[in-house]
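# Remarks on the overall topology
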Amino acid sequence: MNIIDSLNWRYATTKFDTQRIISDSDIDKLKEIVKLAPSSWGMQFYKIIIIKDNELKQKLLPAAYNQNQVADCSHLFVFCSLKKVFEEDINQMIDEFHRLRVNDDNYSKEGTDKYASGAKKSILGMEPKKQSEWLKKQCYIALGQLMVGCADMRIDSCPMEGFKSDEVDEILDLQSQNLTSVVLLPSGYRSEDDKYQHKTKVRKPNNLLFEDK
Ligand SMILES: Cc1cc2nc3c(=O)[nH]c(=O)nc-3n(C[C@H](O)[C@H](O)[C@H](O)COP(=O)(O)O)c2cc1C
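Quick look at the structure, then.

This paragraph deals with the side chain of Gln69. For Gln69, the location among the structural elements is in helix α4 (residues 69–72). Each residue touching Gln69, except ones within four places of it in the same chain, is listed here: Thr13, Thr14, Phe16, Cys158, Met160 and Pro186.

This paragraph deals with the packing of aromatic side chains. Between two aromatic rings, the relevant description is the distance of the centres plus the angle of the planes. Across all of its chains, the model carries three aromatic pairs by this definition. Here the aromatic rings of Phe45 and Trp134 are separated by 6.2 Å at their centres, their planes lie at 65°, and the arrangement is edge-to-face. Residue Phe45 is located in the loop between α2 (24–35) and β1 (46–51), and its partner Trp134 is located in helix α7 (residues 128–152); the two are separated by 89 residues in the primary sequence. Ring geometry for Phe97 and Tyr115: centres 5.6 Å apart, planes at 40°, overall tilted. Of the two residues, Phe97 sits in helix α5 (residues 87–101) while Tyr115 sits in helix α6 (residues 109–124), which places them 18 residues apart along the sequence. What makes Phe97 buried here is its relative accessible area of 14%. You can call Tyr115 partly exposed: its relative accessible area is 31%.

Before going further, it helps to examine the nonpolar core. The tendency in soluble globular proteins is for nonpolar side chains to be buried as a group. Formed by 34 residues in total, the largest nonpolar core has its most connected members in Met43, Phe45, Val70, Leu76, Val78, Ile90 and Ile123. Of all elements in the fold, only α4, β2 (75–82), α5, α6, α7 and β4 (179–188) reach the threshold of two or more residues within this core. In contact with Phe45, other than residues within four places in its own chain, are Cys80, Ser81, Leu82, Val85, Asp89, Ile90, Ile123, Trp134 and Leu135. Counting 19 residues, the second-largest nonpolar core is a separate cluster that includes Ile22, Ala37, Ile155 and Tyr189.

Right, let's get into the site of the ligand. Taken together, the neighbourhood of the ligand is formed by 13 residues, with Arg10, Ala12, Gln67, Lys201 and Arg203 sitting nearest. Gln69 places a polar side-chain atom, nitrogen or oxygen, 3.3 Å from an oxygen atom of the ligand. One of the side-chain N or O atoms of Arg203 is found 2.8 Å from an oxygen atom in the ligand. Protein contacts shield 61% of the accessible area of the ligand, which totals 620 Å² for the unbound molecule. The residue makeup of the shell around the ligand, split by class, is six nonpolar, three polar and four charged.

A few words on α5. In this model α5 runs 21 Å from its N-terminal to its C-terminal C-alpha over 15 residues, within 8% of the 21 Å that 1.5 Å per residue would give. Ile90, Met93, Ile94, Phe97 and His98 are the residues of α5 that are buried. For α5, the angular spread of buried residues about the axis comes to 150°, placing them on one side. Pointing more than 90 degrees away from the buried face of α5 are the exposed residues Glu88, Arg99 and Leu100. The inward-facing, buried residues of α5 abut α6.

Attention now moves to the side chain of Ser187. With respect to the helices and strands, Ser187 occurs in strand β4. If we skip the residues at most four places from it in the chain, Ser187 touches Phe16, Ile22, Cys73, Ser74, His75, Phe77, Cys150, Ile155, Asp156 and Ser157.

Cut-off values and rules
Residues numbered from 1 in each chain as written. Predicted model: local features only at pLDDT ≥ 70, side-chain atom pairs only at ≥ 80, totals over all residues. Heavy atoms only, no water. Helix = DSSP H or I, 4+ residues; strand = E, 2+ residues; numbered from the N terminus. Contact = heavy atoms within 4.5 Å. Phe/Tyr/Trp six-rings, centres within 6.5 Å; stacked < 30°, edge-to-face > 60°. Buried < 20%, exposed > 50% of the residue type's maximum accessible area, 1.4 Å probe, protein only. Core = buried A, V, L, I, M, F, W, Y, C linked by side-chain atoms within 4.5 Å. Near = heavy atom within 4 Å. Polar contact = N/O pair within 3.5 Å; in protein donor to acceptor, adjacent residues only side chain to side chain. Areas by Shrake-Rupley, 256 points an atom, 1.4 Å probe, with all protein chains shown as cover. Nonpolar A, V, L, I, M, F, W, Y, C, P; charged D, E, K, R; others polar. Expected span 1.5 Å × (residues − 1). Arc of directions from axis to C-beta.

Structure representation (structure tokens):
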């Protein structure tokens with residue numbers, strides 16, 4: 001399938017068909033798609049909570065200003081960033097670098113350890129507010145990749161920032177995991193009567209959006 005066709009097919013779905021559920025095998029594919037998203041330093045300092053349970057989705061509805069997508073979707077992806085990075089978080093990922101690359105032709109333990117020192121200096125040295133913003137940005141990269149992946153599989157979704165993060169954190173008990181909710185992606189299948197699917201896409205004209213030099 002042509003990627004441009006997929007992107008034109010996609011729209012921010014406001015009404016999901018509550019009867020249609022994404023299959024477990026498609027959820028596995030979506031996990032793989034989002035897992036392959038790039039991140040700064042390759043550290044993926046986030047967790048993605050995937051909620052299928054209707055009761056829990058319903059509980060989150062008021063925290064999302066009663067935007068029905070949250071309750072009516074098949075699966076709700078909740079992108080959560082770390083609240084703060086600890087040295088152990090970096091060590092845990094560096095262990096993965098060693099484990100997964102140890103058999104690479106050009107693997108070097110010293111090189112990887114040097115990389116870890118650089119990462120620690122940069123990440124742990126960040127001023128807390130800057131670090132928190134940086135952590136949240138990583139979630140958006142993963143979000144974008146997942147949305148495109150969904151569209152390519154003809155799965156609908158709706159990116160959502162319209163929710164009260166503190167309430168979602170409380171309901172999902174994120175604080176205890178050093179996590180905070182950043183952005184939501186309800187996913188599933190559009191309802192036939194979601195009028196938004198028929199709206200023409202509005203995007204900036206190329207001369208304003210791009211500058212060719
Ligand atoms: C980061 C982000 C947050 C958004 N938050 C919401 C939201 O809370 N509720 C909603 O209905 N749409 C939300 N949207 C959807 C946008 O309104 C929509 O993507 C935009 O109008 C373009 O339309 P399209 O996605 O259908 O092409 C959000 C989109 C993005 C990228």
